[in-house]
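Spelled out from the first residue to the last, the chains are:
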Amino acid sequence: MSPLDWIIVGLPLLAALAVGLYCRKYVRSVADFMSGGRMADRYLLAIAGGELQAGAVVFVALFEVIAHSGFTLTWWGWISAPVGLVVGISGFVIYRFRETRALTLAQFFELRYSKSFRLFTGFLGFFAGILNFGIIPAVGARCLAYFWGLPENLTLFSHTVPAYVLLMACFLSISLFVGLSGGLVTIIVINCLEGIVSQIFYLLIIAALLVTFDWSQIVTVLQARPPGHSFLNPFDSNSNKDFNVWYILMSLVIGVYSTMAWQNASGYQSAAHTPHEARMGNILGRWREFGKSAVGVLLGVCALTFLSHPHFAGQSAAVTAEVGRISDPKLQGQMLLPIAVSHLLPVGIKGALCAVFLMAVFGGDATHLHSWGGIFIQDVLVPLRRKPFAPRQHLLALRLSMIGVALFAFLFGALYRQVDYIVMWWSVTGAIYVGGVGAAIIGGLYWKKGTTAGAWVALCTGSTLAVSGIIARQLDAHFPLNGTQISFVAVLVAVSLYIAVSLLTHKEDFNMDRLLHRGAYALTPEPSGQTVAAPKRQVWLSRLIGIDENFTRGDKWIAGVLLGWSLLLFGTFVIGSAWNYFSPWPPAVWASFWHLVGIGFPILFAVIIGVWFTWGGILDLRRFFARLAAQQINDLDDGTVRDHRNLDER
C-alpha cells in the first residue's frame, strides 16, 4: 500500500469519529436509539441499508461463489427476479410490520401472540444472530490483513498473536464507538454517507479494471473449464457443486418465506417515516444492488484472470507464494481472490477499494452490534421486568448489551474453526431462527386464524432441524446436505406445521385492525406524521403487483421500470433456455452475451444510480435531521406491550 492509499483509507475512520460525535445530540429517547425516531425516508433507508452488503466479508463471500460458478449462477438467478420484485413492490410483510409500530420483530410477536413467545423468539433470535455475526469480524479482518500484506502472526508484548485478531479488536472497537455514540441515528447517517462515497469509488474501480484487463483475456480464462463445470454456459455447469440451479430455487423459497425475518438490521425495519417510505426504501434498495453488483462481479472475474492468464503470470506468482504461506487449506481458498485483488489494482484505486471495505466494516459491524444488542434488551430483558426502565437506564442497558455482543464476536471469531462456505454458514445459522419464525411472521400479519400454538410448533421444529444440521456439519464435513438444503427442509416443515396446528387450535379470529391500526384503531395522524391516503380505483395490474393509492406518479415509474427490467431478464432466461435446448449457443455467443448483460448493463446502472442516489441521499439526510430536531419525545414509546397494545397507545 502506497502513502496515497493509506491517506484514502484513513478518511473513513476520521469521518466515522466525527459523525459519531455530531449525532449524539439527536438521541433523546429509546425510539431514537433503536429506530432513529422513525424519521427516515426512502433514499436514506436504501443507501444505508445497502451498506450492510458492502463489507469485506460480503465481497469475500461473493468471490467464493464466483470462483465456483462464474456467470452461470446469474443466469439461474433470473428465475427469481419477478418474484422478488413483486414482493418488494407490494411491501410484503414490510408494510404491515411498519403499521404495527413495533420497534423489534419480537415486540410484534407479543402484540400478535403472547409475551412468552416474544421472550423465546427474542432469545432465539439473539442467539442465532450472534452466531451468524460471529464469523463476520474475523473474515473481514483476515481479508484486510492479507489485502494489506501483513504477516500471518505478529508479536505483541513477547507473545505471538494472529494479525487478524489484532485487526478484529481494532475494527470492533471503532464499530462499537459508532453504535454507542448515537444508536441507529449515528449508524444510519454514517452508512448513508459511506454509501454515497462508495458509489463514487465503485466507478473509479470499474474504470481501472476496464483499463487493466481486456475482455478477451477474461474469456480465455473463463472458457478453460472441464465439461460440466462451465463458468459461461449455465447448461454445462451441472457438475458445479453447491452453487447451481437448485441452490437458486431453494434460495428463492427461503427468501420469500424469510422476508424481514432476519434481524441483523432490525432498526432499519422500523425506522421509516411511514409504511410507504419503508416499502419504497426496499424498492430503491433493489435498484442500488444492480449498480453495486458490477464492481463485485468485475473484481471476481478479473481476479480469476489475473491468477490464470499467461499475460499476468509474473505478477500472479507473488499471489501464489503469499497464499502458500497460509497454514489453513480452507482459508487459502477463501483468501485467494482477495489477495489477488490486492495485487492487481493500481495505486490509489487499491486505497479506494480498501476504503470501501473499511467503511462497510465500521457501518456493518455497528449495525449488527446495535441489532443483536438491542434485541437482547428489548425482547428478553424488558418483557421480564415488572418495573419499566427509566429512559436513561434503558439507554445504558442497550449500550452495555452492545458491548457484550462485541466481546462475544471477538472471542468467537478468534476461536471458531470455519468448515463451510460463508454464505452456507449464514444460511444455516439464520435458519436457527428464520426456519420457524417466518411462518409466525407471515401468518401473524396476514392470517387472522393463525394461533400462538401454531407459531410455537413451527418455531421449535424449524429451529431444531437447523441446529441439528449445524452439529452434523461440524461432526462430519461430508454430511450430504449443505447449509441451504438444511434451511429449505426446515422451512417446508415449519410452514406445514404452522397451518395444521393453527387450524386444529383456532377458536376465534384475531383482531387484525387493532394490530395494524386500521378502522376504529387508526391513528390519524400517526405519531410519526403519517396520514391515511384517500382510496383510489386501481387497475388490475396495479392491484396484482401491489401498487396502491400511496404510490405517486414518480413512485409508479420507479417500481414499473424495475419490474419491467426484471421481467426482461426473466424473459431472456425463458427464451434463452428454450433456444439452448434445441440449438445450444457456442462459447463465443455466451462470451458476448455476458460481456453485455453481465458487465455492460451493470456498469451503466452503476453510473446512473451513482448520480441519482447521491442527490436523493443528501436531501433525505437534511430532512432526517430536521425531523429529529423538531420531534416531540414520548418516553412511553420504548417497546413495552400491555394487553396486545403498545404502551404509548394505551
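Rules and cut-offs
Residues numbered from 1 in each chain as written. Predicted model: local features only at pLDDT ≥ 70, side-chain atom pairs only at ≥ 80, totals over all residues. Heavy atoms only, no water. Helix = DSSP H or I, 4+ residues; strand = E, 2+ residues; numbered from the N terminus. Buried < 20%, exposed > 50% of the residue type's maximum accessible area, 1.4 Å probe, protein only. Pairing = 2+ DSSP bridges. Salt bridge = Lys/Arg side-chain N within 4 Å of Asp/Glu carboxyl O. Expected span 1.5 Å × (residues − 1). Bend = angle between axes of the 7 residues up to and from the residue. Patch = residues over 30% accessible without salt bridge, like charges linked within 9 Å, V, L, I, M, F, W, Y side chains within 5 Å. Areas by Shrake-Rupley, 256 points an atom, 1.4 Å probe, with all protein chains shown as cover.

(A) Expanded view of unusual backbone geometry. In this structure, Val 93 is a non-glycine residue whose phi angle is positive, near 70°. Here Val 93 is to be found in the loop between helix H6 (81-90) and helix H7 (94-100). Even without being glycine, Met 260 reaches a positive phi, approximately 65°. Note that Met 260 resides in the loop between helix H13 (245-257) and helix H14 (266-269). For Met 260, a relative accessible area of 10% puts it in the buried group.

(B) Structural view of the pairing of strand S1 (residues 153-156). When S1 meets strand S2 (residues 159-162), the two strands line up antiparallel, connected through four bridges. The residue bridging Leu 156 from the neighbouring strand is His 159, located in S2. Between S1 and the antiparallel strand that follows it, S2, lie two residues; Phe 157 among them carries a positive phi value of about 55°.

(C) Spatial organisation of the pattern of salt bridges. Here the structure, examined in full by the defined rule, presents ten salt bridges. For Glu 110, the salt bridge identified is with Arg 118, shortest N-O distance 2.8 Å. Salt-bridge contacts for Asp 379 lead to Arg 118; the nearest nitrogen and oxygen are separated by 3.1 Å. With a gap of 261 residues between them, Asp 379 in helix H18 (residues 349-384) and Arg 118 in helix H9 (residues 115-134) connect regions that are remote in the sequence. Assessed through its relative accessible area of 1%, Arg 118 is described here as buried.

(D) Fine view of helix H15 (residues 275-308). Between the first and last C-alpha of H15 there are 50 Å, a value that for 34 residues agrees with the 50 Å anticipated at 1.5 Å per step. The axis of H15 is deflected most strongly, by about 30°, at Lys 292.

(E) Inspection of a nonpolar patch on the surface at higher detail. Side chains of Leu 203, Leu 604, Val 607 and Ile 608 sit close together on the surface and give an oily, nonpolar patch of about 310 Å² of accessible area. Among the elements that make up the nonpolar patch, the one with the highest residue count is helix H26 (residues 587-630) (three residues). Looking at the element boundaries, Val 607 is found in helix H26.

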